[in-house]
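Summary of the model geometry
Now for the letters of each chain:
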Amino acid sequence: MPEADGDAKNFYTDVPQANDGFFLKGSGSLDWGMSNRLARVFRPQTGRTVMLAIDHGYFQGPTTGLERVDVSILPLVPLADALMCTRGILRSVVPPSTRTPVVMRASGGPSILKELSDEQIAIDIEDAARLNVAALAVQVFIGGEHETQSVHNMTRLVDLGLRFGIPVMGVTAVGKQLTRDAKYLRLACRICAELGAQFVKTYYCDEDFETVTSSCPVPIVMAGGKKLPELDALTMAHHAVVEGAAGVDMGRNIFQSDSPEGMMRAVIAVVHEGARPEDALEIYRSSTGAPSGQSTRS
Ligand code: R5P
């Protein structure tokens, strides 16, 4: 019996089926849904991401620059590869028509008035799936007072994420007594990866950062930290990606800048286009209206 669509078929019997490896470090054995979500957060063309972090309110309330997310942040969202936020801000402020993937803050509990490491998981995995998040973010306090509890938060989320195909980003927190050096960051990042985080967010350190990225078997994204002069922030991002980071997850250095949109575009140029910090600074400056080469407020 002939088939309804005729006999003119081409089975390309001489063309082996492509079997490409996944583009992200250490991510070749993940399931399709999780890989697809990672490919929304990280650009397959560059293997990097520029995430915009605006989740600070989950422990410190209306942070400077985030008083009105609808006014100050929504215009930036289309520029970001991913938006890191809480589910409260997502549901109350971010329109569901946004095409920018969401990395959702998934731990919380204590405010700045209490011991910060005393966090719990702060979202049900079914709600994360309902919100169509691309990844979950959980703080891990290595060396902190509630170290084991925070590691356990991460491992439970990793187990839940594996059930739903949602990757988990371990976020290394730095305790009051801990220095932000390569030795500490290697320890913290490696623990996150060993215990299942699909990617890790950590701080940059001036010395030996490449040993932090090379000893972590999954991608690392650089956290921004407190507001720096724009050139310093761009230089830090440049060093981080040159030394092995798969991008950045920056907040205050973008939304506390004189021109958040200009700073977003400058960071994107550094991370995705390999722009030199000085050239990227010109992108920022041109958005402020400042003449080329003139210094800007830090
Ligand atoms: C901190 O715990 C929050 O997760 C922030 O998202 C993170 O610190 C990145 O923001 P910033 O670049 O302002 O440090």
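Cut-off values and rules
- Residues numbered from 1 in each chain as written.
- Predicted model: local features only at pLDDT ≥ 70, side-chain atom pairs only at ≥ 80, totals over all residues.
- Heavy atoms only, no water.
- Pairing = 2+ DSSP bridges.
- Helix = DSSP H or I, 4+ residues; strand = E, 2+ residues; numbered from the N terminus.
- Axes fitted to C-alpha atoms, helices over the stretch in contact; angles between N-to-C directions.
- Contact = heavy atoms within 4.5 Å.
- Phe/Tyr/Trp six-rings, centres within 6.5 Å; stacked < 30°, edge-to-face > 60°.
- Lys NZ or Arg CZ within 6 Å of the ring centre and 35° of its normal.
- Patch = residues over 30% accessible without salt bridge, like charges linked within 9 Å, V, L, I, M, F, W, Y side chains within 5 Å.
- Areas by Shrake-Rupley, 256 points an atom, 1.4 Å probe, with all protein chains shown as cover.
- Salt bridge = Lys/Arg side-chain N within 4 Å of Asp/Glu carboxyl O.
- Lys, Arg positive; Asp, Glu negative; His and termini not counted.
- Charge placed at Lys NZ, Arg CZ, Asp CG, Glu CD.
- Buried < 20%, exposed > 50% of the residue type's maximum accessible area, 1.4 Å probe, protein only.
- Right-handed = clockwise from strand over helix to strand, strands pointing away.
- Near = heavy atom within 4 Å.
- Polar contact = N/O pair within 3.5 Å; in protein donor to acceptor, adjacent residues only side chain to side chain.
- Nonpolar A, V, L, I, M, F, W, Y, C, P; charged D, E, K, R; others polar.
- Core = buried A, V, L, I, M, F, W, Y, C linked by side-chain atoms within 4.5 Å.
- Parallel < 35°, antiparallel > 145°, perpendicular 65-115°, else oblique.
- Left-handed = near helix turned anticlockwise from the far one by under 90°.

Take the sheet that holds strand E2 (residues 82-85) next. As summarised here, the arrangement of the eight strands in space is E1-E2-E3-E6-E7-E8-E9-E10, forming a closed barrel in which the pairing is parallel. The average undirected angle you get between the axes of adjacent strands in this sheet is 25 degrees. In terms of strand pairing, strand E7 (residues 168-172) meets strand E8 (residues 199-202) through three bridges, oriented parallel. Among the inter-strand pairings, Met169 is bridged to a residue of E8, identified as Phe199. Packing of helix H6 (residues 147-164) onto the sheet brings it into contact with strand E6 (135-140) and E7, and relative to E6 it is tilted by some 165 degrees. Most of the contacts of helix H9 (residues 230-242) go to strand E9 (residues 220-223), to which it runs at about 165 degrees, and overall it touches E9 and strand E10 (247-250).

Looking at where Leu136 falls in the secondary structure, it is placed in strand E6. Put simply, Leu136 and Pro217 are 81 residues apart on the chain and 19 Å apart in space, counted from C-alpha to C-alpha. Setting aside anything within four residues of it in sequence, one finds Leu136 in contact with Val103, Met104, Ala106, Ile123, Ile125, Ala128, Leu157, Ile166, Pro167, Val168 and Met169.

Next up on the list: the packing of aromatic side chains. For the coordinates displayed, the defined rule picks out four aromatic pairs. Sitting over the ring of Tyr203, Arg180 keeps its end group 3.8 Å from the ring centre.

Let us look at a negative patch on the surface. On the surface, Asp206, Glu207, Asp208 and Glu210 cluster together into a patch of negative charge. Along the chain, Asp206 turns up in the loop between E8 and helix H8 (209-214).

Attention shifts here to a nonpolar patch on the surface. On the surface, Ile112, Leu113 and Leu116 cluster together to form a nonpolar patch covering roughly 310 Å² of accessible area. In this structure, Leu116 sits in the loop between strand E4 (107-108) and strand E5 (120-121).

With phi around 45 degrees, Tyr12 is a residue other than glycine that occupies positive phi space. If you check the backbone angles, Asp208 has positive phi at about 65 degrees while not being a glycine. By secondary structure assignment, the location of Asp208 is in the loop between E8 and H8. Residue classification places Asp208 among the partly exposed positions, given a relative accessible area of 39%.

This part covers the pairing of E6. Counting buried residues in E6 gives six out of six residues, a clear majority hidden from the surface. Burial of the side chains of E6 extends over both faces: Ala135, Ala137 and Gln139 are buried on one face and Leu136, Val138 and Val140 on the other. Examined bridge by bridge, strand E3 (residues 102-105) and E6 share three bridges and lie parallel to one another. Considered in E6, the bridge of Met104 is made with Leu136. Alignment of E6 against E7, held across five bridges, turns out to be parallel. If you follow Val138 over to E7, its bridge partner there is Gly170. For the handedness criterion, the β-α-β arrangement of E6, H6 and E7 is classed as right-handed.

Around the ligand, the surrounding shell holds 13 residues, and the nearest of these are Asp55, His56, Arg105, Gly251 and Arg252. Between Arg105 and the ligand, the recorded distance is 2.8 Å, taken from a side-chain N or O atom to an oxygen atom. Between an oxygen atom of the ligand and a main-chain N or O atom of Gly224, the distance comes to 3.3 Å. Taken by itself the ligand offers 360 Å² of open surface, and the protein chains cover 95% of this. The residue makeup of the shell around the ligand, split by class, is three nonpolar, five polar and five charged.

A separate point is the nonpolar core. Membership of the largest hydrophobic core comes to 72 residues, with the highest contact counts inside it found for Leu52, Ile54, Ile73, Leu136 and Met264. When neighbours within four sequence positions are excluded, Ile54 is seen to be in contact with Leu66, Val69, Ile73, Leu83, Met84, Cys85, Ile89 and Phe255. By size, the runner-up hydrophobic cluster in this structure holds 17 residues, among which are Val41, Ala82, Ala134 and Val221.

What follows concerns the pattern of salt bridges. In total, this model carries 13 salt bridges according to the counting rule given. A salt bridge links Asp81 to Arg43, with the shortest nitrogen-to-oxygen separation between them at 2.8 Å. With a gap of 38 residues between them, Asp81 in the loop between helix H3 (69-72) and E2 and Arg43 in the loop between helix H1 (32-41) and strand E1 (49-53) connect regions that are remote in the sequence. According to the relative accessible area criterion, Arg43 is partly exposed, its value standing at 27%.

Their axes nearest at 9 Å, the elements H9 and helix H12 (residues 277-288) cross at an angle of 130 degrees. The angle between the axes of H9 and H12 places the two elements in the oblique class. The hand of the H9/H12 crossing is right-handed. Contact with H9, carried on its side by Glu230, Leu231, Leu234, Thr235 and His238, involves Pro277, Glu278, Ala280, Leu281 and Tyr284 of H12 and no other residues of that element. Residue composition of the contact of H9 with H12, grouped by class: six nonpolar, two polar and two charged.

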